[in-house]
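One-letter residues, chain by chain:
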Amino acid sequence: MIADKMKPLVENNSAIRTMFEEGKRMAALYGTENVYDFSLGNPNVPAPEAVNRAIVQVIEEEESTFVHGYMSNAGYEDVRQAVAESLNARFGTRFGLQNIIMTVGAASGMNIILKTILNPGDQVLTFAPYFLEYGAYVRNYDGELVIVEPDTETFQPDLARFRELLGPKVRAVIMNSPNNPTGVIYSEETIRKIGEILKEKSREYGHAILLISDEPYRELAYDGAAVPYVTKYYENAVVCYSYSKSLSLPGERIGYVVIPDEVEDSAQVIAAAVIANRVIGCVNAPSLMQRVIKRCLNEQVNLEAYDRNRHLLYQSLTDYGFSCVKPEGAFYLFVKTPMEEKAFCELCKKHHVLVVPGSSFVCPGYVRISYCVSYEQIERSLPAFRRIAEECGLEGGEKA
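Residues numbered from 1 in each chain as written. Predicted model: local features only at pLDDT ≥ 70, side-chain atom pairs only at ≥ 80, totals over all residues. Heavy atoms only, no water.

An unreviewed UniProt entry lists the protein under the name Aminotransferase, from Candidatus Caccovicinus merdipullorum. In its Sequence similarities (unreviewed entry) section, UniProt records this for the protein: "Belongs to the class-I pyridoxal-phosphate-dependent aminotransferase family." (UniProt positions renumbered as here; feature names shortened; annotations may be inferred.)

Structure, rendered in structure tokens:
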């Protein structure tokens, strides 16, 4: 009955979701307080109170047929203009409402762009480790995902390998910074060089190569780290953004796509993307949340709570002897496994610690630990992590 395209997706269902379901099963067996679920990137920091107030204000102050009705497939004009002005003020860009399409989160935005540009057999490059759904998104439109292997020393993109793999069939490159699962922020120099390579290859092949920047974690950056805005470094760049993390609204599915005027054939690309928003089935982004976002463009979640979690978990695990690049953004640690990956995940599960294998991000030999949980859960989990370190023979675990 099911389509051939769906069969591998069913057979290889997301390890992240599988671990999440396992966490619920274990919590029922052992008690929630005795299970340490670090599997899902589901924000535990509440949405800013201003968001809750805005929801009420929109309902009370704006006409209901306007709030709950259809609008342009690109979204409300005044919301798009407000988003454009906010970006211009923050990043020195020159966007107008025509450059903004409101979307059902960043994932929907990426599907809109890929549907707009891909022909069957076209290739899309991305840098490992990466969010595994990218492969599904590309295959949705009969494209092929090509993977640039990771530099596991820094987790900055391997630009030499990137240049090698950037062949004439490549139509787009997907990058994600701050990165899921490593928390690494791609440096300004890295992004500048990516732009230079793309310009060079676009000239060589006689067609533009689109850079798609997936940015749900842009606002989650620590220690004063800056996240470069990619459209300033390469003209054929688009941005897919979500408020899922910056405002803790993952279930509301609200975000936008930026398509600058500098993109080749931008008017045609924008028109096609607006139609793609309709024909993939979204029609338009959620109307109520568009109205709310307009009132909350300057709001942000409590970043200090995530930073506190980051410091505690990173310092504790490295003290126990685990190896990990210190994350600059997002809310993940990507920890090197001291034994075979699957065996390590099973060892963690024995101690009621749930993590996601690095192979889920095409980077085996690591696990992702999501620290968007309560500080108390991290504190409770530390004895378990220490016992895991001891069983792995790590020196820090033996001394702790």
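Here the narrative resumes, following the displayed structure.
Here's the deal with the overall build of the protein
Across its full length, the protein holds 15 helices and 13 strands. In terms of overall size, the protein behaves like a compact globule, its C-alpha atoms giving a radius of gyration of 21 Å where 400 residues would be expected to give roughly 21 Å. In terms of overall dimensions, the protein has C-alpha extents of about 60 × 55 × 50 Å along its principal axes. Among the 400 residues that make up the protein, the fraction classed as buried is 57%. A total accessible area of about 17,100 Å² is found for the protein, and carbon and sulfur atoms account for 49% of it. (Helix = DSSP H or I, 4+ residues; strand = E, 2+ residues; numbered from the N terminus. Rg over C-alpha atoms; globule rule 2.2 N^0.38 Å. Buried < 20%, exposed > 50% of the residue type's maximum accessible area, 1.4 Å probe, protein only. Areas by Shrake-Rupley, 256 points an atom, 1.4 Å probe, with all protein chains shown as cover.)

Details of the sheet that holds strand 10 (residues 332-336)
Across a sheet, paired strands are connected by hydrogen bonds in the backbone, their directions being either parallel or antiparallel. Read across the sheet, four strands follow the order 9-10-13-12 without closing on themselves; strand pairing throughout is antiparallel. Strands with a single pairing partner mark the edges of an open sheet, and in this sheet they are strand 9 (323-324) and strand 12 (356-357). Where strand 10 lies against strand 13 (residues 366-370), five bridges are found, and the strand directions are antiparallel. Opposite Lys336, over in strand 13, you have Tyr366 as the bridge partner. (Pairing = 2+ DSSP bridges.)

A look at the packing of aromatic side chains
Two numbers describe a pair of aromatic rings. These are the distance of the centres and the angle of the planes. Under the definition given, this model contains 20 aromatic pairs. Both rings, one in Phe127 and one in Tyr186, keep their centres 6.3 Å apart while their planes meet at 90°; by these two values the pair is edge-to-face. Linking Phe127 in strand 3 (residues 123-127) with Tyr186 in the loop between strand 5 (170-176) and helix 9 (188-205), this pair joins segments that are 59 residues apart in sequence. Residue Phe127 shares its accessibility class with Tyr186, and that shared class is buried. Arranged with centres 5.6 Å apart and planes meeting at 80°, the rings of Phe155 and Tyr366 form a pair that is edge-to-face. Here the residue Phe155 occupies a position in the loop between strand 4 (144-148) and helix 8 (159-165), and Tyr366 occupies one in strand 13, the gap between them amounting to 211 residues. One exposure class covers both Phe155 and Tyr366, and it is buried. Members of the aromatic cluster, connected to one another through ring pairs, are Phe155, Phe334, Phe361 and Tyr366. Its guanidinium or amino end placed over the ring of Tyr76, Arg291 lies 4.6 Å from that ring's centre, counting from NZ or CZ. Sitting over the ring of Tyr375, Arg308 keeps its end group 3.6 Å from the ring centre. (Phe/Tyr/Trp six-rings, centres within 6.5 Å; stacked < 30°, edge-to-face > 60°. Lys NZ or Arg CZ within 6 Å of the ring centre and 35° of its normal.)

Quick word on the state of the cysteines
Counting across every chain of the model gives zero disulfides. Sulfur of Cys324: no disulfide; nearest cysteine sulfur belongs to Cys363 and is 12 Å away. What makes Cys324 buried here is its relative accessible area of 15%. For the unlinked cysteine Cys348, the closest cysteine sulfur is that of Cys345, found at 6.3 Å. (Disulfide = S-S within 2.5 Å.)

Re the sheet that holds strand 2 (residues 100-103)
Pairing is mixed across the open sheet formed by seven strands, whose spatial order is 2-8-7-6-5-3-4. If you trace the sheet from one side to the other, it starts and ends with strand 2 and strand 4, each paired once. Across the sheet, the mean angle from the axis of one strand to that of its neighbour is 20°, orientation sign disregarded. With four bridges joining them, strand 7 (residues 237-242) and strand 8 (residues 255-258) adopt antiparallel strand pairing. From the neighbouring strand, Tyr241 faces strand 8, where its bridge partner is Tyr256. Along the sheet, helix 6 (residues 105-117) makes contact with strand 2, strand 3, strand 5, strand 6 (210-214), strand 7 and strand 8, crossing strand 7 at roughly 150°. (Axes fitted to C-alpha atoms, helices over the stretch in contact; angles between N-to-C directions. Contact = heavy atoms within 4.5 Å.)

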